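# Observations on the model geometry
Below, each chain spelled out in residue letters.
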Amino acid sequence: MSEIPYKIYLSEKEIPTAWYNVRADMKNKPAPLLNPGTGEALKAEDLYPIFCEELSKQEMNVTDPWIDIPGEIVDFYKMYRPSPLVRAYCLEKELGTPAHIYYKFEGNNTSGSHKLNSAIAQAYYAKKQGLKGVTTETGAGQWGTALSMATAYFGLDCQVYMVKVSYEQKPFRREVMRTYGATVTPSPSMTTNVGRKINEEFPGTDGSLGCAISEAVEAATSQEGYRYVLGSVLSQVLLHQSVIGLEAKAALDKYGIKADTIIGCAGGGSNLGGLISPFVGEMLRGEANYDIIAVEPASCPSLTRGSYVYDFCDTGRVCPLAKMYTLGSSFMPAPNHAGGLRYHGMSSIVSQLYDDKLIRATSVKQTDVFAAAEKFARVEGILPAPESSHAIKVAIDEALKCKETGEAKNIVFGLTGTGYFDLVAYQKYNDGVMDDYIPTDDDIAKSLAQCPKLG
Ligand SMILES: *Cc1c(COP(=O)(O)O)cnc(C)c1O
């Protein structure tokens, strides 16, 4: 076997030309979305008023293992893909571990994260349907940034509802979005019925992702020629993100490397789902076995402490119901939580894989996450996003276990993005004023009690 380079690059020709739909190989399919009014399973057509038609079909497609990536999307991918699979030689040396650590780095584009992989696909299908524009929500701003890049490329209007606290605290992200032509509105706003209602009930609220989703959905359904798009959680997003896993697998195969452990951070589950899909596919078909770990924040632990039930996807309760590991749609991570990954629920695909014990999950405290981020930055050079650093933390822990056992495991993790816009959080950590808040069982039970009661 030839020596493994620091960076394993694929050629442009090796960019995947079809997304892999892991649902086709799942014996237990993710549960269907339900109409929040009637409790009945939704069909693709039921989603057409909210989502683009092609994306609605992808959302419902549990049978086709491969879905062709349109040439225009592949061409856009060529501007920033294939992303490198990096051998973390320097981190291995720092840890003194016999393990071999690899990370798939998705931060090499202006939006700074993997979210562009799905943003460009969603903008493409909106354009193809002849729409005027799309609406969405953004929390910290990575998704809004990615989407505004994608809509600028296809000449679509882009309306972003940004969680108010982020709008005020992250002016730089906001300006990137505006530079790409997006309109950015702090949420809750006075421009939608649901926003006005939330402002009335909770005057002075900082807003939340669930609330911004409700506003963006209302904005899409009340304007001619607009649809709503979402950057995570949905099965269509995991489908698009399968480019991460397909490229990672192709790069490993090129050098005859068999991964033992695969680690990803889990907010809504899209990067994790995309990274692991081709590997889980092999497990489902009985071709290989992997130890797959989803890493979530201890302050928002949907997989490790939530329930697997149908829940609302948004605070305003206008979206379809999804069966997922959830903390309840009214759950709010503590205000001092700086590390991202703050959505109350988890992708239905990742939830089902977890329930079927094909993957495991763990939660980590944010001060440990930032300690891992700092260690990584100092030896590998990249300033990681706090979200990505959840995966770094567990990759380091796994590599240190190998040091004890002497095993030379191949550990692969997803480095989803860079942390240049997260410096207020880094500042808190550097100043020693970051703390860890872990919700009590009572906190979680209270928000779970508000999940819908079905049949
Ligand atoms: C949005 C984001 C995440 C979390 O979202 P998933 O859907 O769980 O992947 C992780 N890392 C970065 C850098 C992000 O921007």
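All residue numbers refer to positions counted from 1 along the written sequence of the respective chain. Reporting in this predicted model follows two pLDDT cut-offs: at least 70 for local features of residues, and 80 or more for side-chain atom pairs to be given and counted; totals over whole chains, interfaces and linings ignore these cut-offs and use all residues. In computing side-chain properties, one takes all heavy atoms of the structure into account and sets aside hydrogens as well as water.

### Here's the deal with helix α3 (residues 71-80)
Remark: exposure states derive from per-residue accessible area (1.4 Å probe, protein chains only) relative to the maximum for the residue type, with buried under 20%, exposed over 50%, and partly exposed in between. Helix and strand labels come from DSSP, where a helix needs a run of H or I of at least four residues and a strand needs a run of E of at least two; each type is numbered from the N terminus. Every buried residue belonging to α3 is among Ile73, Val74, Phe76, Tyr77 and Tyr80, and all of these are buried. Looking straight down α3, one finds its buried side chains confined to an arc of 160°; they lie on one side. Where α3 is buried, its residues touch β2 (18-20), α5 (116-128), α6 (142-154) and α11 (235-254). Note that the arc is computed from the directions linking the helix axis to the C-beta atoms. Residues are treated as being in contact if the distance between any of their heavy atoms lies within 4.5 Å.

### Quick word on the domain arrangement of the protein
Considered domain by domain, the protein is made up of domain 1 (7-15 + 81-112 + 243-448) and domain 2 (20-67 + 114-235). Per the annotation, domain bounds derive from an automatic or database assignment of domains. For domain 1 versus domain 2, the distance between C-alpha centres works out to 22 Å. With 42 residues of domain 1 at the interface, the matching set in domain 2 holds 42 residues. Buried area between domain 1 and domain 2, summed over both chains or domains, comes out near 3,600 Å², and the portion from carbon and sulfur atoms is 64%. Here the buried area means the combined drop in accessible surface, using a 1.4 Å probe, for two parts upon being joined, counting both sides. Its largest share of buried area at the contact with domain 2, domain 1 owes to Ser111, Ile349 and Phe421, together 18% of the area lost on that side.

### A word on the site of the ligand
A single heavy atom is enough: if one lies within 4 Å of a molecule or strand, its residue is considered near that molecule or strand. Near the ligand, the surroundings consist of 17 residues, among which Lys115, Ser232, Ser270, Asn271 and Thr416 are the closest. One of the side-chain nitrogen or oxygen atoms of Gln142 is found 3.3 Å away from an oxygen atom of the ligand. Within 3.5 Å is the distance limit for a polar contact, defined as a pair of N or O atoms, with the added protein rule that one can donate a hydrogen and the other accept it, and that residues adjacent in sequence qualify only through two side-chain atoms. Within the backbone of Gly268, an N or O atom sits 3.0 Å from an oxygen atom of the ligand. The Shrake-Rupley method, run with a 1.4 Å probe sphere, supplies the accessible areas, and residue values consider only the shown protein chains as cover. For the ligand, whose unbound accessible area comes to 380 Å², protein coverage reaches 94%. Polar here means any residue outside two lists: the nonpolar Ala, Val, Leu, Ile, Met, Phe, Trp, Tyr, Cys and Pro, and the charged Asp, Glu, Lys and Arg; Gly therefore counts as polar. Broken down by class, the residue content of the shell around the ligand amounts to 4 nonpolar, 11 polar and 2 charged. If you count residues domain by domain, the shell around the ligand takes at least three from each of domain 1 (7-15 + 81-112 + 243-448) and domain 2 (20-67 + 114-235).

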